[in-house]
Amino acid sequence: LRHVLVEHLQQYGIETEADNIVLFPGYVEALSTLSRAFLAQGSNLYCMQTDQIAYYPTFRSVGANIYEIPRDNYGPLPENFEKMLKHGKLNMLYINPVNSFPTGITYSAERLAALKDICFKYNVPIIENHFLRDFWVTEPPRPLKADDAHNQVIYIGALGTNYASGASLAWVVLPEMVIDRLLYVKMFMHTPSNSSNELLAEKMISNGYYMEYMNDLRSKLPGIIA
């Protein structure tokens, strides 16, 4: 499946290798493991004002400070984000840039570029959650992970939310330097695997059925929304 995902992610401009992909039963489990692996007491996590991550108990339980970035209709305001950054501590940005939960906002390309520039300037890692990436009417901007020359973006993709609730599956793409840390924490947390969903995902993606289904669904969305 990880080899299939390498080709699948190339559609979004993301170039990676199978060894840089870690599978999870869902994106919530992926976020929980990421929080344990990379955040600690006193870490600062920045997210959108109405984003669900502000209420995830796992991010609170590790002792991270959660700061909500003011927003407009195009996403978080970069100038506010830069002013909020705490110097001398671990900072991390969490974004859900496509159909952002629960507002439905999709960030503009300009807004994403501004956030990326700030993070690269101050060496701030980014968790880019694209669990709704394939569920769009107007095609969203290029993922930040596609232009991650600094190896600062941790990318989350998912199948279940887009395809079927019972087919939950998520994948995390991250730099080689931190793969071992995430795998260790995943093992420590006894995160389960779902081999049947992994097999389903491998068949649906490799045969093109998944994208065929999503393309058909998107063609019907404007009429449903209207």
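Residues numbered from 1 in each chain as written. Predicted model: local features only at pLDDT ≥ 70, side-chain atom pairs only at ≥ 80, totals over all residues. Heavy atoms only, no water.

## Details of the pattern of salt bridges
All chains considered together, the criterion is met by six salt bridges. We note a salt bridge from arginine 2 to aspartate 19, for which the minimum N-O separation is 3.9 Å. With arginine 2 in helix α1 (residues 2-10) and aspartate 19 in the loop between α1 and β1 (21-24), this residue pair connects regions lying 17 residues apart in the sequence. On the accessibility criterion, arginine 2 (33% relative accessible area) is partly exposed. Judged by its relative accessible area of 57%, aspartate 19 falls in the exposed class. For lysine 121, the salt bridge identified is with glutamate 82, shortest N-O distance 3.3 Å. With lysine 121 in helix α5 (residues 109-122) and glutamate 82 in helix α4 (residues 78-84), the pair connects residues that are 39 residues apart, well separated along the chain. For lysine 121, a relative accessible area of 59% gives the class exposed. (Salt bridge = Lys/Arg side-chain N within 4 Å of Asp/Glu carboxyl O. Helix = DSSP H or I, 4+ residues; strand = E, 2+ residues; numbered from the N terminus. Buried < 20%, exposed > 50% of the residue type's maximum accessible area, 1.4 Å probe, protein only.)

## Side note on the nonpolar core
Ranked by size, the top nonpolar core spans 29 residues in total, and within it Leu34, Phe38, Val172, Leu174 and Leu182 carry the most contacts. Listed by contribution, the elements that provide at least two residues to this core are β1, α2 (27-38), β2 (44-48), β6 (91-95), β8 (153-158), β9 (170-173) and α7 (179-188). Top element by residues in this core is α2. It accounts for six residues. In terms of nonpolar packing, the next biggest core, distinct from the first, is built from 22 residues, Tyr12, Leu23, Tyr155 and Met214 among them. (Core = buried A, V, L, I, M, F, W, Y, C linked by side-chain atoms within 4.5 Å.)

## Points about the environment of serine 61
With respect to the element layout, serine 61 can be found in helix α3 (residues 57-61). As for serine 61 and alanine 40, which are separated by 21 residues in sequence, their C-alpha atoms are 9.1 Å apart.

## Quick look at unusual backbone geometry
The backbone of asparagine 123 sits at a positive phi, close to 60 degrees, despite the residue not being glycine. As for its position among the elements, asparagine 123 is in the loop between α5 and β7 (126-130). Positive phi outside glycine occurs at histidine 190, with the angle close to 55 degrees. Tracing the sequence through the fold places histidine 190 in the loop between α7 and α8 (195-206).

## So, the packing of aromatic side chains
Counted according to the given criterion, the structure contains four aromatic pairs. Judged by centre distance (4.1 Å) and plane angle (20 degrees), the rings of tyrosine 27 and phenylalanine 131 are stacked. Highlighted residues: tyrosine 27 in helix α2 and phenylalanine 131 in the loop between β7 and β8, separated in sequence by 104 residues. On the accessibility criterion, tyrosine 27 (15% relative accessible area) is buried. (Phe/Tyr/Trp six-rings, centres within 6.5 Å; stacked < 30°, edge-to-face > 60°.)

## Looking at the side chain of asparagine 91
Mapped onto the elements of the fold, asparagine 91 is located in strand β6. Residue asparagine 91 is classed as buried on the basis of its relative accessible area, which comes to 9%. There is a polar contact of 3.2 Å between the side chain of asparagine 91 and the side chain of asparagine 44. A polar contact is formed between the side chain of asparagine 91 and the backbone oxygen of lysine 86, at a distance of 2.6 Å. (Polar contact = N/O pair within 3.5 Å; in protein donor to acceptor, adjacent residues only side chain to side chain.)

## Brief notes about the confidence of the model for the protein chain
In the predicted model, the protein chain carries a mean pLDDT of 86, and 91% of its residues have values of at least 70. Between the elements of the protein chain, mean pLDDT differs from a low of 63, seen in helix α6 (residues 160-163), to a high of 96, seen in α1. (pLDDT = per-residue confidence, 0-100.)

## Observations regarding the sheet that holds β6
One open sheet accounts for seven strands, arranged β1-β9-β8-β7-β6-β2-β3; its pairing is mixed. In this open sheet, the two strands that pair with only one neighbour each are β1 and β3 (65-69). Mean inter-strand twist for the sheet, computed between neighbouring axes without regard to direction, equals 20 degrees. Summarising the sheet, β7 and β8 pair through five bridges and their orientation is parallel. In the strand pairing of β8, glutamate 128 is matched with tyrosine 155. (Pairing = 2+ DSSP bridges. Axes fitted to C-alpha atoms, helices over the stretch in contact; angles between N-to-C directions.)

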